[in-house]
Amino acid sequence: MPEVRLTRTLRVPADPAGDAIGELLTAIAHQEGPWRGFALHVSLGDLHLPDVGYVAVPIDLTVERHREQPHAFEISFVSANLPAAFPAYKGTIAVEEAGLGECTLHLRGAYELPMQLFGRLLDAAFTPGVAERSLENFIDEIGAACEARVNQREAEFIRYRFYARAPR
């Protein structure tokens, strides 16, 4: 089982980022709102084809809050269609404090290639690194959505405080 250790820096504080990550993962797991039909994706260039689009694989994600770490979640996912034909992932996604006003998003775990030996051969010969590339795209997308959600909430809070204190 190939292991994955990916890290991204988010330009938002850890506490609101951890809450936002939990909400985003829950929305993906429950297929809610804009997260309905969420899919892992890779560009056609990653498949050594002309880079004129991408391949997307919708996933069924399960999420559970980590028992010991604040702002950490146990996740696993498989392809929503033909799960036996695509890698399955199991691991954790966590936020921890970093510099002033920043945090670090970690994705750690492993994915299992389908079809045992044939799947490993196919991965090595024709699609090297594609599963890991899709996970890199996953953490990038979750990180960007987390930053956007935290920034939106901060802007709403400031707007509320400004209007609530404005003279009437």
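All values reported here derive from a predicted model rather than from experimental measurement. (Residues numbered from 1 in each chain as written. Predicted model: local features only at pLDDT ≥ 70, side-chain atom pairs only at ≥ 80, totals over all residues. Heavy atoms only, no water.)

**Overview of the pattern of salt bridges**
Side chains carrying opposite charge are able to pair once their charged atoms draw close together.
In step 1: For the structure on display, the rule yields six salt bridges.
In step 2: Measuring nitrogen to oxygen at the nearest pair gives 2.5 Å for the salt bridge that ties Arg8 to Asp140. With Arg8 in strand S1 (residues 3-10) and Asp140 in helix H3 (residues 130-165), this residue pair connects regions lying 132 residues apart in the sequence.
In step 3: Exposure remark for Arg8: the relative accessible area of 24% places this residue in the partly exposed category.
In step 4: Taking the shortest distance from any N to any O, the salt bridge between Glu136 and Arg133 comes out at 3.0 Å. Of this pair, Glu136 and Arg133 both sit in helix H3, separated by three residues, roughly a single helical turn.
In step 5: Assessed through its relative accessible area of 22%, Glu136 is described here as partly exposed.
In step 6: Accessibility expressed as a relative area gives 31% for Arg133, which makes it partly exposed.
In step 7: A network of salt bridges, in which partner residues are shared, links Glu23, Arg149 and Arg153. (Salt bridge = Lys/Arg side-chain N within 4 Å of Asp/Glu carboxyl O. Helix = DSSP H or I, 4+ residues; strand = E, 2+ residues; numbered from the N terminus. Buried < 20%, exposed > 50% of the residue type's maximum accessible area, 1.4 Å probe, protein only.)

**Examining the pairing of strand S3 (residues 54-65)**
In step 1: One ladder, built from five bridges, connects strand S2 (residues 39-43) with S3; its direction is antiparallel. If you follow Ser43 over to S3, its bridge partner there is Tyr54.
In step 2: Sheet topology note: the S3/strand S4 (residues 72-79) ladder contains seven bridges and is antiparallel. Opposite Thr62, over in S4, you have Ser76 as the bridge partner.
In step 3: Hairpin connection between S3 and S4: a loop of six residues separates the two successive antiparallel strands, and His71 in this loop has a positive phi of roughly 65 degrees. (Pairing = 2+ DSSP bridges.)

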